[in-house]
Every structure is written in C-alpha cells, then in structure tokens.
Amino acid sequence: MLYAGIDLGGTNIKGGLYGDGKVLIKDEIKTGSLDAVSVIKNIAVIINKMLSDAGLKINDITAIGAGIPGMIESSSGTVLYNNNLGWVKVEFAWLLQQELKKDIPVYISNDANVAALGESVFGAAKEYKDSILITLGTGVGSGVIINGNIFEGNKGA
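Since the model is a prediction, treat every value here as computed from it, not as a measurement. (Residues numbered from 1 in each chain as written. Predicted model: local features only at pLDDT ≥ 70, side-chain atom pairs only at ≥ 80, totals over all residues. Heavy atoms only, no water.)

K.L.:
Outline the side chain of Asn82, supporting the account with residue identities and numerical values.
P.N.:
Position of Asn82 relative to the elements: it lies in strand 6 (residues 78–82). Asn82 gets classed as buried once you look at its relative accessible area, which sits at 0%. Reaching out from Asn82, the side chain makes a polar contact with the backbone oxygen of Pro69 at a distance of 2.6 Å. Beyond its immediate stretch of four places on either side in the chain, Asn82 contacts Ile68, Pro69, Gly70 and Trp87. (Helix = DSSP H or I, 4+ residues; strand = E, 2+ residues; numbered from the N terminus. Buried < 20%, exposed > 50% of the residue type's maximum accessible area, 1.4 Å probe, protein only. Polar contact = N/O pair within 3.5 Å; in protein donor to acceptor, adjacent residues only side chain to side chain. Contact = heavy atoms within 4.5 Å.)

K.L.:
Please give an account of the sheet that holds strand 7 (residues 87–90) that cites residues and values.
P.N.:
If you trace the three strands from one edge of the open sheet to the other, you get 5-6-7, paired in antiparallel fashion. A strand with exactly one partner marks an edge of an open sheet, and here the two such strands are strand 5 (71–73) and strand 7. With direction set aside, neighbouring strand axes in the sheet form an average angle of 15 degrees. (Pairing = 2+ DSSP bridges. Axes fitted to C-alpha atoms, helices over the stretch in contact; angles between N-to-C directions.)

On their own, these measurements won't tell you what the molecule is for.
Next comes the structure, spelled out in structure tokens:
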C-alpha cells in the first residue's frame, strides 16, 4: 500500500510517499499564499509531482495523511482554527479531494500529534506504549501518545 504524507507549515509544505514503512520519495515546496484554497492547490501540486517523479498515479495512493498546526477536528477533516495561516473552519480533507479530483481518504491531525505518532511507530519511542514529544518550530507544540494512540485532547489542541 502507498500513502502520501504532508507536513503543512507556515513557510514550507513537506511531502513524502511511503510504502511498507519506508520513505519512497520526498519533496518540499514553499507554502506560498496563506489562503486555504491556494495552500491546498500547492499540496496537490507536491503530491502530483512526487507521484510523477516515482512513476506512479493518484490511483496508486491508498490514503493521504496531513499534519497541520492548530485546532483540528480529525473526525470531519476540518481545520477549526490555525493561527499561523489565519484559517477558521476550513474543510481541508474535502477541499483536497476536490483539488485532486479523487475521492481518496484524507486524514488530518495536529502536526505535533502526528509527529509524536511517527516517533512512537518508527522512531525513538517505538519501544514504549506511552510517550510525549515536544516540537519547536514557528511555535511550540506537543503530542501525547497513550497506549499507542494519539491523545488529541479538545479539538486536537
């Protein structure tokens, strides 16, 4: 199975294609305009570029996951509030599906939460069921893993 991962930041969008727990290809582009529609178009650009570079097509992707700073309603794929980008109630998952012209599953969570999950599955915390990760970037964040699962708290914050 092939997955696309996106790390959305205020300055850069980083992306990767992953299969069998391995990074197959990765790339990054400038976030550009902070407008939600423009950012989502740039995310579609990086996904399509990585697919092209790998000789693959959008139909090869099983799902897309995105780490986004701010308050996230994972169940609906909605960014409730993002201070860095100035977003309020952006239906991220639906908009990305529309931009890609593909009804592919899109999962989102707070960027620090997915960083913590990545460390718990593949990184320094993989030997532990419970862990905490602190992120330092444009802002300071943290992700908590309890019994192998993301603890999202109130609205992913």
